[in-house]
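# Report on the structure
Here is how the chains run, residue by residue.
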Amino acid sequence: MMKQHLENTKELLAALTTELKSLKLWQMQQPSAAELASSAPFCCDTLAFEQWLQFIFIPRITQLINQQQALPAKIALRTMSEESFKHLSAKAKPLLDIIQNIDQTLTAQGDYSE
């Protein structure tokens, strides 16, 4: 069961990457080391939420998947996403749906690991 959740999450991360790129939120240049070293939640004091997704969340979850380690459970990115992407209005719906699916998949994975 865990292997299927890892695969589902991997597919959702690929969809998230694609959607961030289609909305032109994907960045070609990595933030500075100081920006990446933030200890604030979601690095909001130095990174935009889409930067946090691209440079922190996606790589870290991918690393856990590749190492076949347990993923964080009961995560809730949807609320932060809605706030961060409200300027995109209706264009953000596919992105928000993917993030909602990530939340649900990680939460379900946590239910099976307990």
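Quick look at the structure, then. Small disclaimer: the values here were computed from a predicted structure and weren't measured. (Residues numbered from 1 in each chain as written. Predicted model: local features only at pLDDT ≥ 70, side-chain atom pairs only at ≥ 80, totals over all residues. Heavy atoms only, no water.)

## Quick notes on the environment of Asp103
Using the following cut-off: Put simply, DSSP H or I for four residues or longer makes a helix, DSSP E for two residues or longer makes a strand, and each gets a number counted from the N terminus. For every residue, the accessible area obtained with a 1.4 Å probe (protein chains only) is divided by the maximum for its type, and the residue is called buried under 20%, exposed over 50%, and partly exposed between those limits. Pairs of N or O atoms are called polar contacts if they sit within 3.5 Å, as long as, within protein, a hydrogen donor faces a hydrogen acceptor (for residues adjacent in sequence, only side-chain-to-side-chain pairs).
Within the fold, Asp103 resides in helix α5 (residues 93-113). Overall, Asp103 belongs to the buried group, its relative accessible area being 7%. Measuring from C-alpha to C-alpha, the distance between Asp103 and Arg78 comes to 7.3 Å, with 25 residues separating the pair along the chain. In this structure the side chain of Asp103 is engaged in a polar contact, spanning 3.0 Å, whose partner is the backbone nitrogen of Arg78.

## Notes on the environment of Thr9
Where we set the bar: We call two residues contacting when some pair of their heavy atoms lies within 4.5 Å.
Turning to its location among the elements, Thr9 is positioned in helix α1 (residues 2-22). Taking the relative accessible area as the measure of exposure, Thr9 reaches 2% and is therefore buried. Separated by 97 residues in sequence, Thr9 and Leu106 place their C-alpha atoms 7.5 Å apart. Beyond its immediate chain neighbours, meaning those up to four positions away, Thr9 contacts Ile61, Ile65, Leu71, Thr105 and Leu106.

## Some remarks on the packing of α1 against helix α3 (residues 49-66)
Here is the rule: Lines fitted to C-alpha atoms define the axes, with helix axes restricted to the stretch in contact, and inter-axis angles between N-to-C directions lie between 0 and 180 degrees. For classification, angles of less than 35 degrees are called roughly parallel, those exceeding 145 degrees roughly antiparallel, those between 65 and 115 degrees roughly perpendicular, and all remaining angles oblique. Here a crossing is taken to be left-handed if its near helix is turned anticlockwise relative to the far helix by less than a right angle, and right-handed if that turn runs clockwise. Residue classes follow a fixed rule: Ala, Val, Leu, Ile, Met, Phe, Trp, Tyr, Cys and Pro count as nonpolar, while Asp, Glu, Lys and Arg count as charged, and any other residue, Gly among them, counts as polar.
Between α1 and α3, the shortest axis-to-axis distance is 10 Å and the interhelical angle comes to 155°. Judged by the angle between their axes, α1 and α3 are roughly antiparallel. Every pair of crossing elements has a handedness; the one defined by α1 and α3 is left-handed. Across the interface between the two elements, Leu6, Thr9, Lys10, Leu13, Leu16, Thr17 and Leu20 of α1 pack against Glu50, Leu53, Phe57, Ile58, Ile61, Thr62, Ile65 and Asn66 of α3. Class assignment for the residues of the contact of α1 with α3 results in nine nonpolar, four polar and two charged.

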